[in-house]
Amino acid sequence: MSTWRNWAGTESATGFEALRPGSPDELAAAVKAAAERGKKLKAVGSGHSFTGCSVPQEVMIQLDGLSSIIHADQASGRVTVGAGTGLRKLNAGLAAFDLAMANLGDIDKQTISGAISTGTHGTGAKLGGLATQVVGLDLVTADGSVLHCSAEENPDVFAAARVSVGALGVISSLTLQCVPAFLLRAQEMPMPLGEVLDGFDELADGNDHFEFYWFPHTDLALTKRNNRVAPNVAAAPVGRVRGWIDDELLSNKVFELTNRLGVRRPAMVPRINQLASRALSAREYVDASYKVFCAERNVVFRESEYAVPREHVVDVVRRLRAWIDASGSRIPFPIEVRVAAPDDIWLSTASGRETAYIAIHQYHRLPHEEYFRAFESIVGDYDGRPHWGKLHTLTADDLRARYPHFDDFLAVRDRLDPARVFQNAYTRQVFGD
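Not measured: the values here are computed from a predicted model.

Draft legend 1. Geometry of the sheet that holds strand β6 (residues 78-82). The sheet built from five strands is open, its strands ordered β5-β6-β10-β8-β9 with antiparallel pairing. Each having just a single partner strand, β5 (69-73) and β9 (146-149) make up the two edges of the open sheet. If you compare each strand with its neighbour and ignore which way they point, the axes differ by 10 degrees on average. Of the strand pairs in this sheet, strand β8 (residues 134-140) and strand β10 (residues 170-177) are connected by six bridges, and their pairing is antiparallel. Following the sheet pairing, Val140 is matched in β10 by Val170. Packed onto the sheet, helix α2 (residues 87-96) meets β5, β6 and β10 and runs at close to 35 degrees relative to β5.

Draft legend 2. Main features of the pattern of salt bridges. Tallied over the full model, the rule gives 21 salt bridges. Taking the shortest distance from any N to any O, the salt bridge between Arg162 and Asp344 comes out at 3.8 Å. You can see Arg162 sitting in the loop between α4 (155-161) and β10 and its partner Asp344 sitting in the loop between β17 (335-340) and β18 (355-363), a full 182 residues away along the chain. Its relative accessible area of 8% is what places Arg162 among the buried residues. The salt bridge involving Arg400 is made with Asp407; its shortest N-O contact spans 2.9 Å. With relative accessibility at 43%, the residue Asp407 sits in the partly exposed group. One network of salt bridges, with partners in common, ties together Glu303, Glu305, Glu336, Arg338 and Lys390.

About the thresholds
Residues numbered from 1 in each chain as written. Predicted model: local features only at pLDDT ≥ 70, side-chain atom pairs only at ≥ 80, totals over all residues. Heavy atoms only, no water. Pairing = 2+ DSSP bridges. Helix = DSSP H or I, 4+ residues; strand = E, 2+ residues; numbered from the N terminus. Axes fitted to C-alpha atoms, helices over the stretch in contact; angles between N-to-C directions. Contact = heavy atoms within 4.5 Å. Salt bridge = Lys/Arg side-chain N within 4 Å of Asp/Glu carboxyl O. Buried < 20%, exposed > 50% of the residue type's maximum accessible area, 1.4 Å probe, protein only.

What follows is the structure, given as structure tokens:
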């Protein structure tokens, strides 16, 4: 009997048929055969989503057999990759061609198709999420046919399929518009939260990539500024010892221990957070872009993230802080704030508007429901859009009001998958029957 569980332990499944196609043709044949048998089918990547977007019901397609760089053109920066390629493998492979993704999120454990399908993003006021770097894709639909999609070929499917939550078919390959490999200067430093919020627009617009982390129950935030360096600047990575202390010992091992202490002694969480925020030290280094963007995150947690119009993000953070202070809740995990440029992808959380993201987290051994409900209520006042791979309770009726092209997406879905081969409980929640 096959079993599956996502990284966070929020979703699992048993008793399904598991398939591992080794080529696009095998994938198309597997999809067609499942559909002809009336089976529900889901493709899964690394299982890093917190929601049930990739939970298999009857047939699970694992795409690790399609995990390579198929073609790379250094002159144009166009790179075609198999849908099951992990971001870590992709980043290393691109570097071998002296290429890079223009922007990335802060972890690299996802597959490229899973990352773009759920709207994974990084930060940058002039930059979009990972899906905006896709210039073409091949989509296997329910009848086993393959649609080649781009801005010129099947443009409506392209607008829908770049962020589709797996509801239209199974992506077999993607073509990415990459950029020449580049170095980033990372500047990390603590700042008073009030200064960060008062100067948020200047910080976001004045850096290529800006984000901050605020530990609840404190007045300090860790700010991160990542900027491209001049051509004559050489790499100067974090030293091995300092990197291990900051990124492995403090960010993972010690953080796990302090969270466990918070479970046993909740009253100590504010004091723990205050000590943690004061322990944050400034550091500066220069390294390859993907090494600066991505970090290890091994402590298991629950996460909810919403995109709001950027002009409202400071109000959201202040309201969330007020709720935490008034509620008596104990939150050992930081709140993360990032920005993104508007894009034209129908179900992108940044579709059509300058966007800021607020992500809240809770340690997996602590209750999160009340905290997440309060957060969802606050962002709802600003037409917040939930990250498709992170916890939320919104339904199709809620989401229709927040996405101008929601019904356009559903029309493409009706055309490509009228029998709902790719449906599961999560897609019924967010897209209806």
